[in-house]
Amino acid sequence: MDFSPSENVDILDYQPEYREAFASINYAWIGKYFQIEAADRQYLDHPEEKILQPGGHILLARYQGEIVGACALIRKDTDTFELAKMGVLESARGRRIGWLLGSACLEKARSMGAKRVVLESNTLLAPAIRLYQKPGFAEISGLPSPYPRCNIQMEVVL
């Protein structure tokens with residue numbers, strides 16, 4: 001599949017028919033760089049129960065009928081969401097899909113009353129860290145994490 005930055009990408013709200021795409025996109029990138037953790041399996045195998053029912057949201061990116069990216073907002077408390085499980089198929093990387101998903105997630109968080117959005121990542125994923133810095137995510141510390149791979153935490157105040 002050939003992508004260019006100017007091509008039209010649709011950002012979609014999660015529907016049950018996207019469950020497999022949400023999981024496979026994320027399992028692919030996590031498995032490539034890290035070990036799949038129990039917390040990954042909980043969120044990816046049970047997105048309705050673990051993300052949506054507690055007040056979160058999932059967005060997906062579609063290009064030419066194929067889901068090529070996914071991102072979740074996990075409600076942490078009344079004012080805070082975690083930007084999580086953000087992945088883009090390798091064939092679509094470097095083409096603004098991540099930027100479009102991340103921007104849409106931040107707008108969704110604002111519309112849901114969030115005052116801040118946090119995330120956890122790993123500095124091995126340098127392109128992702130740069131992507132997060134563009135809308136103003138800055139490094140923080142001290143959030144409890146279920147992920148041994150997490151070596152950087154970031155937040156943006158909305």
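Residues numbered from 1 in each chain as written. Predicted model: local features only at pLDDT ≥ 70, side-chain atom pairs only at ≥ 80, totals over all residues. Heavy atoms only, no water.

**Side note on the pattern of salt bridges**
Thought 1: Tallied over the entire structure, the rule returns nine salt bridges.
Thought 2: Residue Glu 90 is joined to Lys 32 by a salt bridge in which the shortest nitrogen-to-oxygen separation is 3.0 Å. Here Lys 32 lies in helix H1 (residues 19–33) and Glu 90 lies in the loop between strand S4 (80–88) and helix H4 (97–111), a separation of 58 residues in the sequence.
Thought 3: Three or more residues joined by partner-sharing salt bridges are found here, namely Asp 40, Lys 85 and Arg 149. (Salt bridge = Lys/Arg side-chain N within 4 Å of Asp/Glu carboxyl O. Helix = DSSP H or I, 4+ residues; strand = E, 2+ residues; numbered from the N terminus.)

**A look at the side chain of Glu 82**
Thought 1: Within the secondary structure, Glu 82 sits in strand S4.
Thought 2: Overall, Glu 82 belongs to the buried group, its relative accessible area being 8%.
Thought 3: Only 3.4 Å separates the side chain of Glu 82 from the side chain of Lys 76, close enough to count as a polar contact. (Buried < 20%, exposed > 50% of the residue type's maximum accessible area, 1.4 Å probe, protein only. Polar contact = N/O pair within 3.5 Å; in protein donor to acceptor, adjacent residues only side chain to side chain.)

**Details of the sheet that holds strand S3 (residues 66–75)**
Strand pairing in a sheet relies on backbone hydrogen bonds, with the paired strands running either antiparallel or parallel.
Thought 1: Reading across the sheet, the seven strands line up as S1-S2-S3-S4-S5-S7-S6 and stay open at both edges, with mixed pairing between neighbours. The open sheet terminates on both sides in strands that have one partner only, identified here as strand S1 (10–13) and strand S6 (138–140). Taking each pair of neighbouring strands and ignoring which way they run, the sheet shows an average axis angle of 30 degrees.
Thought 2: Pairing between S6 and strand S7 (residues 152–157): three bridges, direction antiparallel. From the neighbouring strand, Ile 140 faces S7, where its bridge partner is Gln 153.
Thought 3: Packed on one face of the sheet, H1 meets strand S2 (57–63), S3 and S4 and runs near 80 degrees to S4. (Pairing = 2+ DSSP bridges. Axes fitted to C-alpha atoms, helices over the stretch in contact; angles between N-to-C directions. Contact = heavy atoms within 4.5 Å.)

**What to know about the nonpolar core**
The nonpolar side chains of soluble globular proteins are, as a tendency, buried together.
Thought 1: By size, the foremost hydrophobic cluster in this structure holds 28 residues, and its most contacted members are Leu 83, Ile 97, Leu 101, Tyr 132 and Phe 137.
Thought 2: For this core, the elements supplying multiple residues, two or more each, are S2, S3, S4, H4, strand S5 (116–121), helix H5 (126–133) and S7.
Thought 3: Those residues in contact with Leu 101, other than ones at most four positions away along the chain, are Ile 11, Leu 59, Leu 60, Ala 61, Gly 69, Ala 70, Cys 71, Met 86, Gly 87 and Val 88.
Thought 4: Leu 12, Ile 25, Leu 44 and Cys 150 belong to the second-largest nonpolar core, a separate cluster that totals 25 residues. (Core = buried A, V, L, I, M, F, W, Y, C linked by side-chain atoms within 4.5 Å.)

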